[in-house]
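Below are the chains, spelled out letter by letter.
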Amino acid sequence: MPHISADIVEKTKRFVQEELKDAEGGHDWFHIERVYNNAMLISKGENIDALVVALGALLHDIADSKFHDGDETVGPRKARTFLFEHNADAAVIEHVVKIIENISFKGGNDAQKFRSIELDVVQDADRLDALGAIGIARTFNYGGFKNRALFDPSVAPNLKMTNAEYKASTAPTINHFYEKLLLLKDRMHTKTGKKIALERHNYMEQFLKQFYAEWEGKA
């Protein structure tokens, strides 16, 4: 694994902390920190460019389109400008931007336009934070942020959403488990990512069983 330039990584951490100081709780600095730590863990078993992975993880949600009227160009543009101003290598900048442009789920039905092992690592790291106990907490935090119902038995999950439909969805929070979270286990790329994802997936399935039992007055 190539050596990581500590200087640019530390500057990026400070930049992201400042940019996301008022972010929604599931997409704040602590989310970035967890994804960064996940990426560092996954990287131990992969032959990757460590600097690209570090910067990709730190900048992947620098301007999530959900909070910018669906505009997917804001994040890549902010990341490119920051890295250029800090004299990052041109090839590194382009790779990091490609990671940001291609990391999101987008309803799960859009073909990914770019592939690299570095993207695989960062994407797995990000998806792990959507699973397990933290994934559950983040999902309901965002549902509350958007004032969505917890659950409505009359509203079925939509598993065939386009990117536009996925972005515009106002479905109850429980539907998100079926429309995204429970699908992630089978979309992981790395050996480490797959192992951790399976454990967190199983935890979420247990949560859903308990949720429905309580909803129906059976527990």
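Residues numbered from 1 in each chain as written. Predicted model: local features only at pLDDT ≥ 70, side-chain atom pairs only at ≥ 80, totals over all residues. Heavy atoms only, no water.

Asker: Explain the overall build of the protein to me, please; I cannot follow it from the model alone.
Answerer: In terms of regular secondary structure, the protein is built from ten helices and zero strands. Starting at the N terminus, the α and β elements of the protein follow one another as α-α-α-α-α-α-α-α-α-α. Computed over C-alpha atoms, the radius of gyration of the protein comes to 18 Å, within 12% of the 17 Å expected from 2.2 N^0.38 for 219 residues, which places it in the range of a compact globule. The C-alpha extent of the protein, read off along each of the three principal axes, is 60 × 35 × 30 Å. With 219 residues in all, the protein has 48% of them scored as buried. Contacts in the protein between residues at least 24 apart in sequence constitute 68% of all its contacts with a sequence separation of at least 6. Summed over its atoms, the accessible surface of the protein is roughly 11,300 Å², and 52% of this surface lies on carbon and sulfur atoms. Each charge class in the protein can be summarised by its mean position, and for the 29 positive and 33 negative side chains these summaries are 3 Å apart. (Helix = DSSP H or I, 4+ residues; strand = E, 2+ residues; numbered from the N terminus. Rg over C-alpha atoms; globule rule 2.2 N^0.38 Å. Buried < 20%, exposed > 50% of the residue type's maximum accessible area, 1.4 Å probe, protein only. Contact = heavy atoms within 4.5 Å. Areas by Shrake-Rupley, 256 points an atom, 1.4 Å probe, with all protein chains shown as cover. Lys, Arg positive; Asp, Glu negative; His and termini not counted. Charge placed at Lys NZ, Arg CZ, Asp CG, Glu CD.)

Asker: Looking at this structure, I do not really get the environment of Ile174. What am I missing?
Answerer: Here Ile174 is to be found in helix α9 (residues 173–179). Separated by 45 residues in sequence, Ile174 and Asp129 place their C-alpha atoms 17 Å apart. Setting aside its immediate chain neighbours within four residues, Ile174 contacts Phe140, Leu150, Phe151, Leu208, Phe211 and Tyr212.

Asker: Any chance you could explain the packing of helix α3 (residues 50–59) against helix α6 (residues 117–128) here in plain terms?
Answerer: It is the contact of α3 with α6, at a shortest axis distance of 9 Å, that shows an interaxial angle of 40°. With respect to α6, the axis of α3 lies oblique. As for the relative orientation of α3 and α6, their crossing is right-handed in sense. Listed contacts from α6 to Val52, Val53, Gly56 and Ala57 of α3 are Glu118, Val121 and Val122. (Axes fitted to C-alpha atoms, helices over the stretch in contact; angles between N-to-C directions. Parallel < 35°, antiparallel > 145°, perpendicular 65-115°, else oblique. Left-handed = near helix turned anticlockwise from the far one by under 90°.)

Asker: Before we go on, may I ask you to explain the packing of aromatic side chains in this structure?
Answerer: Aromatic rings considered in pairs are described by the distance between their centres and by the relative angle of their planes. In the structure shown here, the tally under the stated rule is eleven aromatic pairs. Ring geometry for Phe140 against Phe177: centres 6.0 Å apart, planes inclined by 50°, an arrangement best described as tilted. Highlighted residues: Phe140 in helix α7 (residues 132–145) and Phe177 in helix α9, separated in sequence by 37 residues. Residue class for Phe177 comes out buried when judged on its relative accessible area of 0%. On the basis of an interplanar angle of 85° and a centroid distance of 5.8 Å, the ring pair of Phe211 and Tyr212 is categorised as edge-to-face. Assessed through its relative accessible area of 13%, Phe211 is described here as buried. In this structure an aromatic cluster arises from ring pairing among Phe140, Phe151, Phe177, Phe207, Phe211, Tyr212 and Trp215. (Phe/Tyr/Trp six-rings, centres within 6.5 Å; stacked < 30°, edge-to-face > 60°.)

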